[in-house]
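Below, each chain spelled out in residue letters.
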Amino acid sequence: TPYRGFLIEAAPSMNSLLKFDQTGLANMTAALEYVCRKLPPDRDNDAIRQYIAEEIAAASSRGRTSLGDLTNIALDAVNSYLFPPSRSWLRVLKG
């Protein structure tokens, strides 16, 4: 899938992706795909996809590999990217 390329770029080396089993890689890809499809079209770009992929890869390397965990981590990454802590007041306005 096109999303897997972002995961490959997010991993510091190909060896770091090789340590995940097939299910872990599938969960990483599924979480990234799911969250990227939820991005508003005007905010969807390579930079945010790369950021989400990096967060997913980091969490996976810490042992959080379930689809639910990775999806929640990806959603948190979107929120922190779109609404950085310095702009947290926007969260209240956006609902």
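Residues numbered from 1 in each chain as written. Predicted model: local features only at pLDDT ≥ 70, side-chain atom pairs only at ≥ 80, totals over all residues. Heavy atoms only, no water.

Draft legend 1. Main features of the side chain of S60. Here S60 is to be found in helix α4 (residues 46-61). With sequence-adjacent residues up to four places away left out, S60 is seen in contact with F20, M28, T65 and L70. (Helix = DSSP H or I, 4+ residues; strand = E, 2+ residues; numbered from the N terminus. Contact = heavy atoms within 4.5 Å.)

Draft legend 2. Structural context of the confidence of the model for the chain. Per-residue pLDDT for the chain averages 80, and the proportion of residues at 70 or more is 71%. Between the elements of the chain, mean pLDDT differs from a low of 50, seen in helix α6 (residues 89-94), to a high of 93, seen in helix α5 (residues 67-82). (pLDDT = per-residue confidence, 0-100.)

Draft legend 3. Summary view of the pattern of salt bridges. Considering all chains together, one arrives at 3 salt bridges under this definition. R37 is paired through a salt bridge with E33; the nearest N and O atoms lie 3.6 Å apart. With a gap of 4 residues between them, R37 and E33 both fall in helix α3 (residues 22-38), about one helical turn apart. In this structure, D44 engages R49 in a salt bridge whose closest nitrogen and oxygen atoms are separated by 2.7 Å. When its relative accessible area of 28% is taken as the criterion, D44 is described as partly exposed. (Salt bridge = Lys/Arg side-chain N within 4 Å of Asp/Glu carboxyl O. Buried < 20%, exposed > 50% of the residue type's maximum accessible area, 1.4 Å probe, protein only.)

Draft legend 4. Looking closely at the packing of α3 against α5. Relative orientation of the contacting elements α3 and α5 amounts to 40 degrees, with a least axis distance of 9 Å. Taken together, α3 and α5 sit at an angle that is classed as oblique. The crossing of α3 and α5 is right-handed. Seen from α3, the contacting residues are N27, M28, A30, A31, Y34 and V35; seen from α5, they are L67, L70, T71, A74, L75 and V78. Class assignment for the residues of the contact of α3 with α5 results in 10 nonpolar, 2 polar and no charged. (Axes fitted to C-alpha atoms, helices over the stretch in contact; angles between N-to-C directions. Parallel < 35°, antiparallel > 145°, perpendicular 65-115°, else oblique. Left-handed = near helix turned anticlockwise from the far one by under 90°. Nonpolar A, V, L, I, M, F, W, Y, C, P; charged D, E, K, R; others polar.)

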